[in-house]
Amino acid sequence: MQLMTSVRGKFPKHFVSFRSDRFELAIPDDEIDSLFPGADCCEWFYERLATATRCAPHQSPVMEDWGWTFAVKANGSTIRVNVWGIEEWFLGVESGFSLIGLLSPPHRKKTEADRLAVCDEIESLICTELKAEFLGWSETFPG
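If you're wondering where the values come from, they're calculated on a predicted model, not measured in any experiment. (Residues numbered from 1 in each chain as written. Predicted model: local features only at pLDDT ≥ 70, side-chain atom pairs only at ≥ 80, totals over all residues. Heavy atoms only, no water.)

A separate point is unusual backbone geometry. In this model, Asn75 sits at a positive phi of 55 degrees, which is unusual for a non-glycine residue. Residue Asn75 is classed as exposed on the basis of its relative accessible area, which comes to 56%. The backbone of Lys131 sits at a positive phi, close to 55 degrees, despite the residue not being glycine. Considering the arrangement of structural elements, one finds Lys131 in the loop between helix H3 (105-129) and strand E6 (133-138). (Buried < 20%, exposed > 50% of the residue type's maximum accessible area, 1.4 Å probe, protein only. Helix = DSSP H or I, 4+ residues; strand = E, 2+ residues; numbered from the N terminus.)

With that settled, the discussion passes to the packing of aromatic side chains. A complete count under the given rule lists 11 aromatic pairs for this structure. With a centroid separation of 6.1 Å and 40 degrees between ring planes, the pair formed by Phe15 and Trp84 is classed as tilted. One end of the pair, Phe15, is in strand E1 (residues 15-19); the other, Trp84, is in strand E4 (residues 77-85), with 69 residues separating them in the sequence. Considered together, Phe15 and Trp84 belong to a single accessibility category, that of buried residues. By way of ring pairs, the aromatic residues Phe15, Trp66, Trp84, Phe90 and Phe141 are connected into one cluster. (Phe/Tyr/Trp six-rings, centres within 6.5 Å; stacked < 30°, edge-to-face > 60°.)

Turning our eyes to something else, we now look at helix H1 (residues 39-50). Helix length check: H1 (12 residues) gives 16 Å between terminal C-alpha atoms against 16 Å at 1.5 Å per residue, within 8%. Of all the positions in H1, only Cys41, Cys42, Trp44, Phe45, Tyr46, Leu49 and Ala50 are classed as buried. (Expected span 1.5 Å × (residues − 1).)

Applying the stated rule across the entire model yields nine salt bridges. The partner of Glu123 in a salt bridge is Lys13, with the nearest N and O atoms 3.4 Å apart. One end of the pair, Glu123, is in helix H3; the other, Lys13, is in the segment before E1, with 110 residues separating them in the sequence. Residue Arg19 pairs with Glu88 through a salt bridge whose shortest N-O separation is 3.2 Å. Here the residue Arg19 occupies a position in strand E1, and Glu88 occupies one in the loop between E4 and strand E5 (89-95), the gap between them amounting to 69 residues. Here Arg19 falls in the partly exposed class, since its relative accessible area comes to 37%. (Salt bridge = Lys/Arg side-chain N within 4 Å of Asp/Glu carboxyl O.)

Take Val81: it is sitting in strand E4. The contacts of Val81, once residues within four sequence positions are left out, are Leu49, Trp68, Thr69, Phe70, Leu91, Gly92, Val118 and Ile122. (Contact = heavy atoms within 4.5 Å.)

Position of Glu121 relative to the elements: it lies in helix H3. Not counting chain neighbours up to four residues away, the residues in contact with Glu121 comprise Leu49, Ala52 and Arg54.

The next point concerns the sheet that holds strand E3 (residues 68-74). Strand order across the open sheet formed by six strands is E2-E3-E4-E5-E1-E6, with antiparallel pairing between neighbours. Looking at strand neighbours, the two that pair on one side only are strand E2 (56-63) and E6, the edges of this open sheet. Going across the sheet, the axis of each strand differs from the next one's by a mean of 20 degrees, ignoring polarity. Where E2 lies against E3, five bridges are found, and the strand directions are antiparallel. Looking at the pairing, Met63 lines up with Trp68 of E3. Across the face of the sheet, H1 comes into contact with E1, E2, E3, E4 and E5 while running at roughly 5 degrees to E3. (Pairing = 2+ DSSP bridges. Axes fitted to C-alpha atoms, helices over the stretch in contact; angles between N-to-C directions.)

Here it is in structure tokens:
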């Protein structure tokens, strides 16, 4: 896996990967068709981000057909965090979409700054509180 560290002078914080034994990657055989790994990981990040200085709760974790997702508000912007677990953990961080954001370049710039603030919070949680093996950020899904 090759993680990028810069793109045209910008740090491409869209997907982060890390390794941690704290969260369960295995699924019990009787739940393999109905459950994706990551509920505990998703809940852990949601609880911490929802109470972080720059964030507020918005949408509790839910399981999708590919993994888990939740959303927080950061300075009024909706930021979605997607969680996958394969052999390591992946979090994808994306801005919520709005008509105002699509039409207003200043609004898009503010929303991107808010998204990057959530990325900074996530990186801090991984490296300091979780003390996980931080594998880095990438612009595209590293899997």
